[in-house]
Amino acid sequence: MSLPSELSDRLRGILGTRLSEIAADRDHHAQSESFHRSAPPDAVCWPDSAEEVAAILSACNDARVPVIAWGTGTSLEGHALPLRGGISLDLSRMDRVEEIRAADMQATVQPGVTREALNTELRATGLFFPVDPGANASLGGMAATRASGTTAVRYGTMRDNVLALQVVLADGRIIRTGTRAAKSSAGYDLTGLFVGSEGTLGVITELTLRLHGQPEEVAAAVCAFDSLDHAVECVSATIQSGIPMARIEFVDAASARAFNLHSGSAMPEQPHLMIEFHGSPNAVREDAARFGEIAAEFGAQGFDWATTAEDRARLWRMRHGAYHACLALRPGASGLITDVCVPMSHLPAAVHAAAADIAAEGLIGPILGHVGDGNFHSLLLVDPANADEVAAAKRIATRMAERALAVGGTISGEHGIGVGKRGLMGAQHGEGWELMGQIKAALDPHDILNPGKLVPDRN
């Protein structure tokens, strides 16, 4: 496919050489971090400003050509794939930190700024942005997918840390949502509507973010357990005790083996918890001691404390590298990665059932996750050419989601819906899913914004 010539000329007048119809550029924007793939877009655009985004969307809306926003390409459910061709709108050039207001503990950034780049800019302020999904994702993409990560148990998700947005609608209108005030009761929460909308309602071109103070003291450790059940039960007991964890991550024995192979670590091939505490020196010592007592009740062993910043960084790099480490357990395999989130009281049973399903299907499927808020993941390793393996992995993922829904959980705690989980949305939301489609139809009547994702197809 190719763009209509009139649209191509109009876009080239806006962008010049920042419009590409070259195969290599198009192919790059048909890739995904995970199992999902698609045909390439018809063209790629690299805008520099909200005004250029508005001009592009207006042109594409007139031509009825799809537009799919692209951040860094790290999403896991095919969110940025051009399922119906059209334009891949690459926002990576819009990467300026526009303002840091240290006294207000806020920053305003363009969508292409990555979380690591923002925290580098914040080093001299004593502040940081805490949402940490592992990948060095763009902040616009993180907002669009309502991302979270290892620190969500203490600092919340993108939902909790985005105060205001600038958004370009399908017809090219530029709107602002939210304010810099700590709270507001003025009308609909439009910021909340666009955070998590996955590019189906508008394109985020600016974000105002909540910042947090760097903790005075940080302590981190990793410890092993003799069984998966004991490790996960320890998490539930820790949260119920009120210990203010900054991070509490679970990895199973297969994940520990992957870390050893990939990172050169020497973890026992057993389930582990990775933990971190933030606060004053006295509070951190007390919290660590209380956790140690709880963990001992569940048979924790081999506490390995990361006593320096370098040690802590190494520990969390290993955890954040879990995706590629686990892929190496089966060279040449693809990863069908899935996540669910359940109420904490149901977490041990949910993890145990997922592990039993994986074993019964005969697949390699490491389990790990941000279990401090009931969110866990499995990376199911399959040969994409083996239809039976792919079907088995999809059965496991579906059963995980169904069990989560049965106990009041959700089909995705942080990966989002994209194309991969769209078929489960009706089961979670019922008539509410149809309402989401009606909202999209009102804001995007020609269905140009990331079509084929998140909401039901139109009749």
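Note that the structure is predicted; figures quoted are calculated from it, not measured.

1. A short note on the pairing of strand S14 (residues 272-279)
Here comes step 1: Taken across its 8 residues, S14 has 8 buried, putting it largely inside the fold.
Here comes step 2: Side chains His272, Met274, Glu276 and His278 of S14 all project onto a buried face; the interleaved residues Leu273, Ile275, Phe277 and Gly279 project onto the opposite face, where all are buried too.
Here comes step 3: Here strand S12 (residues 217-224) runs beside S14; their pairing, made up of 8 bridges, is antiparallel. Looking across to S14, one finds that Ala220 is bridged to Glu276.
Here comes step 4: As paired elements, strand S13 (residues 245-251) and S14 share 6 bridges and run antiparallel to each other. Counted as the bridge partner of Phe250 is Leu273 from S14.

2. Observations regarding the UniProt feature "domain: FAD-binding PCMH-type" (unreviewed entry) in the protein chain
Here comes step 1: UniProt's entry tags residues 37-214 with the feature "domain: FAD-binding PCMH-type" (unreviewed entry), counted in the numbering of this structure.
Here comes step 2: Taken end to end, residues 37-214 comprises 22% helix and 25% strand; its first and last C-alpha atoms sit 39 Å apart.

3. A word on the packing of aromatic side chains
Here comes step 1: As enumerated under the stated definition, the model contains 5 aromatic pairs in all.
Here comes step 2: Aromatic pair Phe303 and Trp305: ring centres 6.1 Å apart, planes at 15°, arrangement stacked.
Here comes step 3: A relative accessible area of 31% means that Phe303 is categorised as partly exposed.
Here comes step 4: Ring-pair connections join several aromatic residues into one group, and the members of that group are Phe277, Phe291, Phe303 and Trp305.
Here comes step 5: Here the basic side chain of Arg247 rests over the ring of Trp316, its NZ or CZ set 4.5 Å away from the ring centre.

4. Concerning the sheet that holds strand S6 (residues 106-109)
Here comes step 1: Strand order in this open sheet of 5 strands is S5-S6-S10-S8-S9, and the pairing throughout is antiparallel. Only two strands of the sheet have a single partner each, and these edge strands are strand S5 (97-101) and strand S9 (174-178). For this sheet the average axis-to-axis angle between neighbouring strands, irrespective of direction, equals 15°.
Here comes step 2: Across 4 bridges, S6 lies against strand S10 (residues 203-210) in antiparallel orientation. In the strand pairing of S10, Ala107 is matched with Leu209.
Here comes step 3: Where helix H3 (residues 50-63) meets the sheet, its contacts fall on strand S8 (162-168), S9 and S10, and the angle it forms with S8 comes to roughly 45°.

5. Considering the domain arrangement of the protein chain
Here comes step 1: Taken domain by domain, the protein chain holds domain 1 (5-90), domain 2 (97-213) and domain 3 (217-406).
Here comes step 2: Taking the mean C-alpha position of each, domain 1 and domain 2 sit 22 Å from one another.
Here comes step 3: Opposite the 13 residues of domain 1 that make contact, domain 2 presents 17 residues.
Here comes step 4: Between domain 1 and domain 2, roughly 1100 Å² of surface is buried when both sides are summed, and carbon and sulfur atoms account for 70% of that area.
Here comes step 5: When the buried area of domain 1 at its contact with domain 2 is split by residue, Ala50, Leu57 and His79 rank highest and sum to 36% of it.
Here comes step 6: In this assembly, domain 1 and domain 2 are joined by 0 residue pairs in polar contact (both at pLDDT 80 or more).

6. Description of the nonpolar core
Here comes step 1: Among the nonpolar cores identified, the biggest contains 53 residues, and Phe225, Phe250, Leu273, Phe277, Phe291, Leu347 and Phe376 are the most heavily contacted of them.
Here comes step 2: In terms of residue count, the dominant contributor to this core is helix H15 (residues 387-406) (8 residues).
Here comes step 3: If we skip the residues at most four places from it in the chain, Phe291 touches Cys223, Cys234, Thr238, Ile243, Met245, Ile248, Leu273, Ile275, Phe277 and Phe303.
Here comes step 4: One finds Leu139, Met158, Val162 and Leu201 within the second-largest nonpolar core, a separate group that totals 26 residues.

Reading the values: rules and limits
Residues numbered from 1 in each chain as written. Predicted model: local features only at pLDDT ≥ 70, side-chain atom pairs only at ≥ 80, totals over all residues. Heavy atoms only, no water. Buried < 20%, exposed > 50% of the residue type's maximum accessible area, 1.4 Å probe, protein only. Helix = DSSP H or I, 4+ residues; strand = E, 2+ residues; numbered from the N terminus. Pairing = 2+ DSSP bridges. UniProt positions renumbered as here; feature names shortened; annotations may be inferred. Phe/Tyr/Trp six-rings, centres within 6.5 Å; stacked < 30°, edge-to-face > 60°. Lys NZ or Arg CZ within 6 Å of the ring centre and 35° of its normal. Axes fitted to C-alpha atoms, helices over the stretch in contact; angles between N-to-C directions. Contact = heavy atoms within 4.5 Å. Domains from an automatic or database assignment. Buried area = accessible area lost by both parts, 1.4 Å probe. Polar contact = N/O pair within 3.5 Å; in protein donor to acceptor, adjacent residues only side chain to side chain. Core = buried A, V, L, I, M, F, W, Y, C linked by side-chain atoms within 4.5 Å.

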